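# Structural characterization, general
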Amino acid sequence: LASWVAVVGLEIHAQISSNSKLFSGSQVQFAAPPNSLVSFFDASLPGTLPVLNRRCVEAAVMTGLALNCSINKKSLFDRKHYFYADLPAGYQITQQRVPIAVNGSLSYSLCIDNKMSQMVTKTVRIKQIQLEQDSGKSLHDDTRSQTLVDLNRAGVGLMEVVMEPDMCCGEEAAAAVRELQLILQTLGSSQAIMAEGQLRVDANVSVHHPGEPYGVRTEVKNINSVRFLAKAVDYEIQRQIEELENGGTILNETRAFDSKLGCTISMRDKEGKQDYRFMPEPNLPPLILYDAKTLPANMNHQQVVNIDWIRERLPDLPSVKRAKLVELYGILPEHSFTLLNEDGLAEYFENVIKHTQMKPKKVIGWILKDLLSYLKEHALSVKDSPVSSFLLADLLNLLERKEISSSAAKQVFEELWKGEGKTPLEIVKEKQLELLQDQEELEQICQAVMDRQEDEVGAWMLW
Amino acid sequence: EQVPAAVLEHLERLALVDFRDAEGVRRLQEAVRFAERLHEVDTEGVEPMDSVLEDRCLYLREDDVTEGNCTKELLKNAKEKIEEYFVAPPGNIPLPKLGERETFEQQS
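Quick caveat, the model's predicted, so the values are computed rather than measured. (Residues numbered from 1 in each chain as written. Chains lettered and ligands numbered in written order. Predicted model: local features only at pLDDT ≥ 70, side-chain atom pairs only at ≥ 80, totals over all residues. Heavy atoms only, no water.)

### Examining a nonpolar patch on the surface
All names here are of chain A. In plain terms, the rule: Only residues whose relative accessible area exceeds 30% and that form no salt bridge enter a patch; like-charged residues are grouped when within 9 Å of one another, and nonpolar side chains (Val, Leu, Ile, Met, Phe, Trp, Tyr) when within 5 Å. Under the convention used here, a 1.4 Å probe and the Shrake-Rupley method define accessible areas, while residue burial counts only the protein chains that appear. Salt bridges are identified by distance alone: a Lys or Arg side-chain nitrogen within 4 Å of an Asp or Glu carboxyl oxygen. Where helices and strands are cited, they refer to DSSP runs of H or I of at least four residues and of E of at least two residues respectively, numbered from the N terminus. Note on classification: 1.4 Å probe, protein chains only; a residue is buried when its accessible area is under 20% of the maximum for its type, exposed when over 50%, partly exposed between these limits.
On the surface, a cluster of nonpolar side chains totalling about 290 Å² of accessible area is made up of L436, L442, I445 and V449. Its place among the elements puts V449 in helix α12 (residues 439-452). Of the residues examined, V449 reaches a relative accessible area of 37% and is grouped as partly exposed.

### Focus on the pattern of salt bridges
Under the defined criterion, the tally for this structure stands at 33 salt bridges over all chains. One salt bridge in this structure joins A:E58 and A:R54, with 3.0 Å as the shortest N-O distance. A residue pair is termed a helical-turn pair when its members lie 3 or 4 positions apart in one helix, as A:E58 and A:R54 do in helix α1 (residues 54-66) at four residues. A relative accessible area of 17% means that A:R54 is categorised as buried. Its salt-bridge partner being B:R37, residue B:E40 comes within 3.4 Å of it at the nearest N-O pair. Neither B:E40 nor B:R37 differs from the other in exposure class; each is exposed. The network of salt bridges with shared partners includes A:E236, A:R239, A:E253 and A:R255.

### Some thoughts on the interface of chain B and chain A
Under the convention used in this document: Any two residues having at least one pair of non-hydrogen atoms within 4.5 Å are treated as being in contact. Put simply, buried area is the surface a 1.4 Å probe can reach on two separate parts but cannot reach once they are joined, added for both. For this analysis, a polar contact is any N or O atom pair within 3.5 Å, provided that within protein one partner can donate a hydrogen and the other can accept it, and provided that sequence-adjacent residues contribute only side-chain to side-chain pairs. Each residue is assigned to one class: nonpolar for Ala, Val, Leu, Ile, Met, Phe, Trp, Tyr, Cys and Pro, charged for Asp, Glu, Lys and Arg, and polar for all the others, Gly among them. DSSP calls a pair of strands paired once it identifies at least 2 bridges connecting them.
Contact residues are listed per partner, giving 42 residues for chain B and 53 residues for chain A. Overall, the association of chain B and chain A removes approximately 4,100 Å² of surface from exposure, summing both partners, and the carbon and sulfur fraction of that is 58%. Ranking the residues of chain B by area buried against chain A places B:L58, B:L60 and B:R61 at the top, with a combined share of 19%. With a closest N to O distance of 2.5 Å, A:R54 and B:E62 form a salt bridge. Counting across the chain B and chain A interface gives 22 residue pairs in polar contact (both at pLDDT 80 or more). In terms of residue class, the side of chain B that touches chain A is built from 20 nonpolar, nine polar and 13 charged. With two bridges joining them, strand β2 (residues 52-53) of chain A and strand β1 (residues 60-61) of chain B adopt parallel strand pairing. By the bridge assignment for β1(B), A:N53 is matched with B:R61.

### Remarks on the packing of helix α8 (residues 360-377) of chain A against helix α10 (residues 406-417) of chain A
Residues and elements named next belong to chain A. Here is the rule: Under this scheme, a helix contributes an axis fitted over its contacting stretch, all axes are lines through C-alpha atoms, and angles between N-to-C directions fall in the 0 to 180 degree range. By convention, the crossing between two helices is left-handed when the near helix turns anticlockwise from the far helix through less than a right angle, and right-handed when the turn is clockwise.
It is the contact of α8 with α10, at a shortest axis distance of 12 Å, that shows an interaxial angle of 35°. Seen from above, α8 lies across α10 with right-handed handedness. Between α8, through W366, D370, L371, Y374 and L375, and α10, the contact on the second element is made entirely by A409, K410, F413, E414 and W417. Of the residues that constitute the contact of α8 with α10, the class distribution is seven nonpolar, no polar and three charged.

### So, empty space enclosed by the protein
Convention followed: With a 1 Å grid spanning the protein atoms alone, the term cavity applies to any set of points in which a 1.4 Å probe fits but cannot get out, the term pocket to an open set with protein on both sides within 12 Å along at least five of seven lines, and the term lining residue to any residue with an atom within 4 Å of a point. Grid points are joined across faces, edges and corners, and a volume is the space filled by probe spheres set on the points.
A full pass over the atoms with the stated rule returns two cavities of 30 Å³ or more. In this structure, the largest cavity spans a volume of roughly 60 Å³. Every residue along the wall of the largest cavity is listed here: A:P286, A:L287, A:I288, A:Y290, A:M299, A:Q303, B:C57, B:L58 and B:L60. Of the residues contributing to the lining of the largest cavity, the split by class is eight nonpolar, one polar and no charged. The calculated volume of the second largest cavity comes to roughly 50 Å³. Forming the walls of the second largest cavity are A:L76, A:F77, A:R97, A:P280, A:E281, A:L284, A:P285, A:P286, B:D50 and B:S51. Grouping the amino acids of the lining of the second largest cavity by side-chain chemistry returns six nonpolar, one polar and three charged.

### Let's talk about the sheet that holds strand β3 (residues 85-88) of chain B
With antiparallel pairing, the four strands of this open sheet are ordered in space as β9(A)-β10(A)-β3(B)-β2(B). Strands at the two margins of the open sheet, each flanked by one partner only, are β9 (137-141) of chain A together with β2 (81-82) of chain B. Two strands pair when backbone bridges link them, and strand β10 (residues 146-150) of chain A and β3(B) are joined in this way by three bridges, in the antiparallel orientation. Across the sheet, residue A:L148 finds its bridge partner in β3(B), namely B:V87.

### Focus on the domain arrangement of chain A
Residue and element names in this part refer to chain A. Applicable threshold: All the domain ranges listed were derived from an automatic or database domain assignment.
The domains assigned to chain A are domain 1 (5-290) and domain 2 (318-431). A separation of 38 Å is found between the C-alpha centroids of domain 1 and domain 2. For the pair domain 1 and domain 2, the two sides together bury roughly 760 Å², of which 58% comes from carbon and sulfur. Along the contact surface separating domain 1 from domain 2 lie one salt bridge. In this structure, R322 and E179 form a salt bridge, with 2.8 Å as the shortest nitrogen-oxygen distance. When the residues that make up the side of domain 1 that touches domain 2 are grouped by side-chain class, the tally is four nonpolar, three polar and two charged.

### Let's talk about α10(A)
Residues and elements named next belong to chain A. Put simply, the rule reads: Residue count minus one, scaled by 1.5 Å, sets the expected span of a helix.
Over its twelve residues, α10 extends 16 Å from the first C-alpha to the last, a length consistent with the 16 Å expected when each residue adds 1.5 Å. All of the buried residues in α10 are A408, A409, V412, F413, E415, L416 and W417. Looking at the packing, one finds that the buried side of α10 touches α8, α9 (389-400) and α11 (424-431). Positive backbone phi, at 65°, marks G419, one or two positions downstream of α10.

### Digging into the packing of helix α6 (residues 333-341) of chain A against helix α7 (residues 345-354) of chain A
Residue and element names in this part refer to chain A. So the rule is basically this: Reported orientations rely on four angle classes, namely roughly parallel under 35 degrees, roughly antiparallel over 145, roughly perpendicular from 65 to 115, and oblique for the rest.
Interhelical geometry of α6 versus α7 gives an angle of 115° and a closest axis separation of 6 Å. With respect to their mutual orientation, α6 and α7 come out roughly perpendicular. Across the interface between the two elements, T338, L339 and L340 from α6 touch L345, A346 and F349 from α7.

### What to know about the sheet that holds strand β15 (residues 263-266) of chain A
Residues and elements named next belong to chain A. Across the sheet, nine strands lie side by side as β3-β7-β8-β11-β1-β12-β13-β14-β15; this open sheet has mixed pairing. Looking at which strands have only one partner, the edges of the open sheet turn out to be β3 (70-71) and β15. Two strands pair when backbone bridges link them, and strand β12 (residues 199-208) and strand β13 (residues 218-223) are joined in this way by four bridges, in the antiparallel orientation. Looking across to β13, one finds that N204 is bridged to E219. In the packing of helix α2 (residues 170-187) onto the sheet, the strands contacted are β1 (5-15), β7 (101-111), β8 (119-133), β11 (157-167) and β12, and the crossing angle to β7 comes to about 115°. This element, helix α3 (residues 226-245), spans β1, β12, β13, β14 (254-258) and β15 of the sheet and lies at about 25° to β12.

Structure below.
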């Protein structure tokens, strides 16, 4: 059987973290009474007009810069038409012709053979980033043959990030999305929590034989976590390979991922291919962005988005943070990945370092092996840890000063985990875990042991 | 020239307009003919204008919450509502196929 090569591209929609919506002043909030966060514009009542939110533009520029994109100083808004109950206007305002950012890249890392010690860096090209409106939410009530519509989400700002088909499997897609998630969270442009619908991923998958043209691709939707993304992509790759090997063909269709069954199901639209009839949004002039060179002299600064100003204020991206951790503390690259992968763990680690004499290379072991495994076992996040970084630092100081042994330290850690408010020193005293430091006392104990075991000592001495 | 029946059906589906009868179709053809006259203008080397607002500044709004909280008013327009949700039919109801309904051609 000839070998197969899979090609995976991603379309990612990230909800912009802002107080109000992209084109209106209604609030952006996850859970709220139905239709309470909806303005007349969001409900598409006649006579309303879109007004662009500057914060959303800045979020898109930040994200574009972080992904090494060219920022288009002039970008345009368009209407994408289709009918659905949660799209009251009958069209979505998006950026189809000239989006705000193009031609970027994202670097991510993978472990080879599941061994953390062997990491390889890959890159995926970012085709573009565009600003667009989110739609409302439809709740399907099949029993009563109706749909309930909540427009709270209608009009919320989205950044659509299009990743070129440079990935080859579920693991790569998941790693790329995970890195994007960390970048967005670091920038603050999106909180990117998949479970709350703030980050939605659609995967485009096709397979072909090496050297031959790309195969027909399918679009996979309804993926609700990074883990499911890997599963969905890998399932679809397998499905397509099996279909083709059995002499079948792949249809250019949309498929939904069923997380319970672990498979993709056809969502084939009986209406055929959609024609969105794109047209320029007549109510919005082009979006002009400036930089230090093109900044107009007399303009109100509130009306100006300055790309250079934003670039200067970009925080350290995850890749930079990791490199700094490795350089500053001498930890391994794979350690830095784990530190950044858990929310708050890097800060915890650095706080322990600040308050202990123990070397970072030894501290990292406690963080990644002891603390992290306890957290995982109890499904707790770092911020909910019963052992604070200060307590751990105290414990590690006792160990470093040789006041307790490392096995005693582990016992103390277990006690601390109970969260009873005792300090490490209190626990050590309570359980009498102090190491004996007195030379004379130690000699006496050793002598006593030897006296009791005369035969063994004798045999050893003959050696 | 005639707009093909398949295109008419496609347009009716996409835009949910109803050309209804021969008069409606004739009006469409007139509109297309009218717009086609634009081809007579030499636009060699001229950037297309897609908005009469192209010289205007796109106004940027501050990210403040200034609207919303008018559920009652919005729902006044709803034909049907359940507990502050708008009620809609289950998904899109496809238009019947060409052969299954009276077409403008049949009516004229």
